[in-house]
Amino acid sequence: MKLRPSRQRARKQYLGADEQDVLFQLERLARGKPLLLVADDLQNWDAESLKLLTRFLSPTMGEAFPFLLEMHVIAVQTIEPYQSTANPRERDALIAASGPRQQLARPTRSIFNDVLIALDVPFDQACDEGETAFDLTGGHLALAARCAKRMREQGPGFLATVSDSDEFMRGLLSDRVRLLGSVGSGSLAVLQIAAVLGMRFRRAEVICAYGGEAPTVSKLLRDCRDEELIELSEEFGRFIHDLFRLHFRESGALDEASIHESISDCLRSLRPGDYVLRCRHARNAERERRAGIMGIHAALEWERDGLAWRDLPVDVLGAIDEAGRTATVERFVEALDQSKCGRIAACIEILNGLPRNARSLAAEADYIKAASLLSARSEDDRERAQAMLEAWP
């Protein structure tokens, strides 16, 4: 098929091989028949996937891929406060570009018996205990499904033994893990670490922070998946519901600051360049000095990317301030500006005036000096830069 030049340009605008592969597969499926795309659990989507779905709705993309103009999209999400959104900014951009929206309310008390019946609770039991079940779950479907399962297993009268919703929720979630037997305590610890990491977490970070053998921790994660508490892929895990994440974060036996400290140590090798995340965990671990150092690295990374360091997240700016490092960041940024303007001597003088009491910051300073010297293009400066960099192992 030969495309018009404008359409060729439009297709080239859209990107990487993975995205084009998705589009071409959808285009193939759409040949000769209407296409309906269902995007479920939108609140858990990553930012890049949300951006791609938003592009599907743009007129320019429709010109490049005409089948998109005929494709219908149904996007479904659970809204706050029932579940938090992983990437609200990208989600809001998608909503702004989309068509009609319909918000579905939770099941009301008047129809909750029908909800329990749909979840296979016997008719008589649903009618007798529906009011209590609604009081315990508040009509929340994630809890209703688990409540219904317990009702079926325990039979009529089970809910009469539950004194209040907090007790029921604790039992509903914690008992499911304790039923795993000897691995129950380990599973609870793994779930607490995962909960501190967030709604979506990297398996490698949980394994590292737990401190056990990788096969053992992987088995604990699979047990939690089989109990329908989390979902797992090869690289990531995700809590089935934010309610579960909050529960295990608050009810675990481990000290949360210690978890953050373990995660902070793990990120040094697992995600060394993610300075914002490393700063946050160091700060939550009450390691003020380290959090400040990571904050400085984050500030320099933003400046190199053309972003103002004062636009860093508030908690990272707080870590820099709490460590008394704001002036250090300002001096580093001043040195970068001098280097960009070709004022090599001024750049080096500023950096030489900084204290070298943190190894990683000393390395940053020498890197900026070397880059500045290399920009001068003289042989002497090149040799000075090379010697400066070779001094670091």
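None of the values given here were measured: they were computed from a predicted structure.

### Focus: a nonpolar patch on the surface
Together, Leu36, Val38, Ile74 and Val76 make up an exposed nonpolar region whose accessible area comes to about 340 Å². Locating valine 38 in the fold gives a position in strand S1 (residues 36-39).

### Description of unusual backbone geometry
One non-glycine residue, aspartate 41, lies in positive phi territory at about 50°. As for its placement among the helices and strands, aspartate 41 is situated in the loop between S1 and helix H3 (47-56). The phi angle at aspartate 120 is positive, at roughly 75°, despite the residue not being glycine. Position of aspartate 120 among the secondary structure elements: in the loop between helix H7 (112-118) and helix H8 (123-137). Overall, aspartate 120 belongs to the exposed group, its relative accessible area being 57%.

### Quick word on the layout of surface pockets
One number sums up the size of the largest pocket: a volume of about 1300 Å³. What lines the largest pocket is a set of 39 residues, and nearest its centre among them are Ala75, Val76, Gln77, Thr78 and Gln102. For the lining of the largest pocket, the secondary-structure elements that each account for two or more residues are strand S2 (72-75), helix H6 (88-97) and helix H9 (141-154). Split into classes, the residues belonging to the lining of the largest pocket amount to 19 nonpolar, 12 polar and 8 charged.

### Describing the pattern of salt bridges
Applying the stated criterion across every chain yields a total of 22 salt bridges. Two residues, arginine 55 and glutamate 19, come together in a salt bridge whose shortest N-O distance is 3.5 Å. Highlighted residues: arginine 55 in helix H3 and glutamate 19 in helix H2 (residues 17-29), separated in sequence by 36 residues. Overall, arginine 55 belongs to the partly exposed group, its relative accessible area being 31%. Where salt bridges share partners, they join Arg202, Glu205, Glu235, Arg271 and Asp274 into one cluster.

### Section: the environment of arginine 271
Along the chain, arginine 271 falls in the loop between helix H15 (256-270) and helix H16 (275-284). Considered as a pair, arginine 271 and glutamate 205 are 66 residues apart in the sequence and their alpha carbons are 9.4 Å apart. When near neighbours in sequence (up to four residues on either side) are disregarded, arginine 271 contacts Arg202, Glu205, Leu277 and Arg278. Here glutamate 205 takes part through its side chain, which lies 2.8 Å from a polar atom of the side chain of arginine 271.

Reading guide: rules and limits
Residues numbered from 1 in each chain as written. Predicted model: local features only at pLDDT ≥ 70, side-chain atom pairs only at ≥ 80, totals over all residues. Heavy atoms only, no water. Patch = residues over 30% accessible without salt bridge, like charges linked within 9 Å, V, L, I, M, F, W, Y side chains within 5 Å. Areas by Shrake-Rupley, 256 points an atom, 1.4 Å probe, with all protein chains shown as cover. Salt bridge = Lys/Arg side-chain N within 4 Å of Asp/Glu carboxyl O. Helix = DSSP H or I, 4+ residues; strand = E, 2+ residues; numbered from the N terminus. Buried < 20%, exposed > 50% of the residue type's maximum accessible area, 1.4 Å probe, protein only. 1 Å grid on protein atoms, 1.4 Å probe; cavity = no way out; pocket = protein on both sides within 12 Å on 5 of 7 lines; lining within 4 Å. Points joined across faces, edges and corners; volume = space filled by probe spheres on them. Nonpolar A, V, L, I, M, F, W, Y, C, P; charged D, E, K, R; others polar. Contact = heavy atoms within 4.5 Å. Polar contact = N/O pair within 3.5 Å; in protein donor to acceptor, adjacent residues only side chain to side chain.

Geometric values such as these leave the question of function open.
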